[in-house]
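Okay, here's what each chain looks like letter by letter:
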Amino acid sequence: MTYTSTRYKTYSEYLHADIGPDANYRLLSTGEVIELPPEDEENICIGSELTFLLKQIVNPRRLVRASATEIQVHPVGDGRINRVPDVIVLRPEHIGLIAETKKSAILFGMPAPAFVAEVVSPGGEHSENYRRDYEWKRQQYQDWQIPEYWIIDRHRQQVTVLILQAEAYAESVYRNAEQIRSVAFPTLTLSAEQVLSGGL
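Notes on the structure in this doc start here. (Residues numbered from 1 in each chain as written. Predicted model: local features only at pLDDT ≥ 70, side-chain atom pairs only at ≥ 80, totals over all residues. Heavy atoms only, no water.)

Another aspect to go through is the environment of glutamate 118. In this structure, glutamate 118 sits in strand E9 (residues 115-119). Through-space distance from the C-alpha of glutamate 118 to that of valine 84 is 9.1 Å; in sequence the pair is 34 residues apart. Setting aside residues no more than four positions away along its own chain, glutamate 118 makes contact with Val84, Pro85, Asp86, Asp133, Lys137, Tyr141, Tyr149, Trp150, Ile151 and Ile152. Polar side-chain contacts of glutamate 118 include one of 3.3 Å to the backbone nitrogen of aspartate 86. (Helix = DSSP H or I, 4+ residues; strand = E, 2+ residues; numbered from the N terminus. Contact = heavy atoms within 4.5 Å. Polar contact = N/O pair within 3.5 Å; in protein donor to acceptor, adjacent residues only side chain to side chain.)

Set out below in structure tokens:
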């Protein structure tokens, strides 16, 4: 993880800056920008396969994106004020709104995305990788009132599905051949092992 030399005063200033090539950047609440290491190949495969599957049932297909649209968030845990979900399903009204930003970004004041999924990187329950997806992003996505959030964890061999109920997430954990129940995609027929193997 490396830091860029520039500090940005606002999220808008960061969004309109020309930081460099298509690297994986996150903005901290201090205004510093960090460049993250490349994503794990297996995680990319799982995210890509889920994206491909969702494009078969979401219309228009361009609403489904893999690691391409960031979300402005309040700092929690690691101090980052933007997240880039591994999979995100936008709402139709986002298309015109995010076209106005230099980077593809969902800002405070816009509607919440319809769905997000994150593929967990390795680490124990006290590691930053674990806490980022299970605690910090969970809080940030709940604050956004995103209706459904999946945590895909191939190291623990489970898919945690968080459904928004009365402004808070209710959690269900799926393993092996258990069929995932999705509110966002009620016709989806998919087991935990299918998601975890990337063999959709």
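We now examine the sheet that holds strand E5 (residues 70-72). By definition, the strands of a sheet pair up through backbone hydrogen bonds, in either a parallel or an antiparallel sense. With mixed pairing, the 3 strands of this open sheet are ordered in space as E6-E5-E8. Where the open sheet ends on each side, the last strands, each with one partner, are strand E6 (82-83) and strand E8 (105-106). Pairing geometry for E5 and E6, over 2 bridges, is antiparallel. By the bridge assignment for E6, isoleucine 71 is matched with arginine 83. (Pairing = 2+ DSSP bridges.)

Time to look at the environment of isoleucine 146. Topologically, isoleucine 146 is positioned in the loop between helix H4 (128-144) and strand E10 (148-153). A relative accessible area of 0% means that isoleucine 146 is categorised as buried. Not counting residues up to four positions away in its chain, the partners in contact with isoleucine 146 are Ile71, Ala112, Pro113, Ala114, Phe115, Val116, Tyr141, Leu164 and Tyr169. (Buried < 20%, exposed > 50% of the residue type's maximum accessible area, 1.4 Å probe, protein only.)

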